[in-house]
Amino acid sequence: MSGFLKIENVDKSFTRGAATTKVLENVSLKVEKGQFVSIIGHSGCGKSTLLNIVAGLLSATSGGVILEEQEVNAPGPDRAMVFQNHSLLPWLSTYDNVRLAVDKVFRKVATRAERHQRTMRMLDLVQMAHAKDKRPGEISGGMKQRVGIARALAMEPKVLLLDEPFGALDALTRAHLQDQVMALQAKLGATVMMITHDVDEAVLLSDRIVMMTNGPRATIGEILPVPLARPRERVELAVDPVYLECRRRVLQFLYERHSYVEAA
Ligand SMILES: Nc1ncnc2c1ncn2[C@@H]1O[C@H](COP(=O)(O)OP(=O)(O)OP(=O)(O)O)[C@@H](O)[C@H]1O
């Protein structure tokens, strides 16, 4: 296994005044091209910190991240991020929000017509072409997340980084969007790293589930492969013994072996 994306011996400490806290300790992970990896762990263990290091928004205190043999040390369009709260620009239409990303990456290599087509193709892919002229304030939370995903995919990133992308949505919208993300990943072969708190979501979507120990000094406790064939159908999986066993293993890790301890 070569490792398309490699996280190597990452430590991360934060210093506030005289106090230094080591949040992550010796985190190493390899993600293969086209793989969907979820990161699960209790609140505050350092999942976002890890994703932000991969995004290049934070730098590791020691160790590092390598994407296709290139060291990551700044944000770049090869790693597109989708946040829990959409982060669309409220004064721009959904079209312009996606077009901005397309122009940023493809201005020099694609004509205006091609960039327009790409923008529309991405909106189509997430079934939002009908709302291309609406502003974020005029569409639902689930729709905003779909536009955020279109914007991220429009940059043709090597890795899609999802930080609890469905966390703020109601259960039905969430399920619908999970299915859409699974279909998109199957279609595009995207490499995805996703943070989630939701055990079912992790099992349904992932090829591997990375389970983190509690912080401070959090690290990877266990990596669970999810040997379920794709496409995955949530209703059938609800009674699938492999699905149920994966679910049990994650629950056991989180609630028996590494149960959450409230900070003092
Ligand atoms: N910029 C910062 N400065 C100081 N401490 C920070 C900073 N960012 C994060 N932390 C601390 O690092 C720890 C991990 O935070 P992080 O947001 O990565 O956790 P998380 O697992 O993503 O949490 P949650 O699941 O609640 O979103 C927390 O204790 C947090 O307070």
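Just so we're clear, the structure is a prediction, and the values are computed from it rather than from any experiment.

A. Region of the structure containing the pairing of strand S2 (residues 19-31). As paired elements, strand S1 (residues 5-16) and S2 share 9 bridges and run antiparallel to each other. Looking at S2, one finds that isoleucine 7 is bridged to leucine 29. With antiparallel pairing between neighbouring strands as the criterion, S1 and S2 make up a hairpin whose turn holds 2 residues, including glycine 17 at a positive phi of roughly 60 degrees.

B. Highlighting the domain arrangement of the chain. Domain parsing of the chain yields domain 1 (1-78 + 175-264) and domain 2 (87-156). Measuring from the centre of the C-alpha atoms in domain 1 to the corresponding centre in domain 2 gives 27 Å. At the interface, 8 residues of domain 1 touch 10 residues of domain 2. For the pairing of domain 1 and domain 2, the buried interface totals around 750 Å² over both sides, and the portion due to carbon and sulfur atoms is 76%. Of all residues in domain 1, the largest losses of buried area upon contact with domain 2 belong to Pro77, Leu177 and Leu184, amounting jointly to 56% of the total for that side. Here domain 1 is connected to domain 2 by 0 salt bridges. The tally of links between domain 1 and domain 2 comes to 1 residue pair in polar contact (both at pLDDT 80 or more). Among the residues forming the side of domain 1 that touches domain 2, the class breakdown is 5 nonpolar, 2 polar and 1 charged.

Calculation rules
- Sequence order sets the numbering: in each chain, residues are counted from 1 along the sequence as written.
- Per-residue local features of the predicted model are confined to residues with pLDDT of at least 70, and side-chain atom pairs are confined, for both listing and counting, to 80 or more; whole-chain, interface and lining totals are unaffected and use all residues.
- Side-chain numbers here rest on the full set of heavy atoms in the structure, without hydrogens or water.
- At least two bridges found by DSSP between two strands are what make those strands a pair.
- A run of H or I in DSSP becomes a helix once it reaches four residues, and a run of E becomes a strand once it reaches two; helices and strands are each numbered from the N terminus.
- Reported domain spans reflect what an automatic or database domain assignment gives.
- Should any heavy atoms of two residues lie within 4.5 Å, those residues are counted as being in contact.
- Note on terms: buried area is the combined drop in 1.4 Å-probe accessible area of two parts once they are placed together, counting the loss on both.
- Definition used for salt bridges: Asp or Glu carboxyl oxygen within 4 Å of a side-chain nitrogen of Lys or Arg.
- Polar contact is the term for a pair of N or O atoms within 3.5 Å; when the atoms are in protein, one must be able to donate a hydrogen and the other to accept it, and sequence-neighboring residues count only if both atoms are side-chain atoms.
- The residue classification treats Ala, Val, Leu, Ile, Met, Phe, Trp, Tyr, Cys and Pro as nonpolar and Asp, Glu, Lys and Arg as charged. All others, Gly included, are polar.

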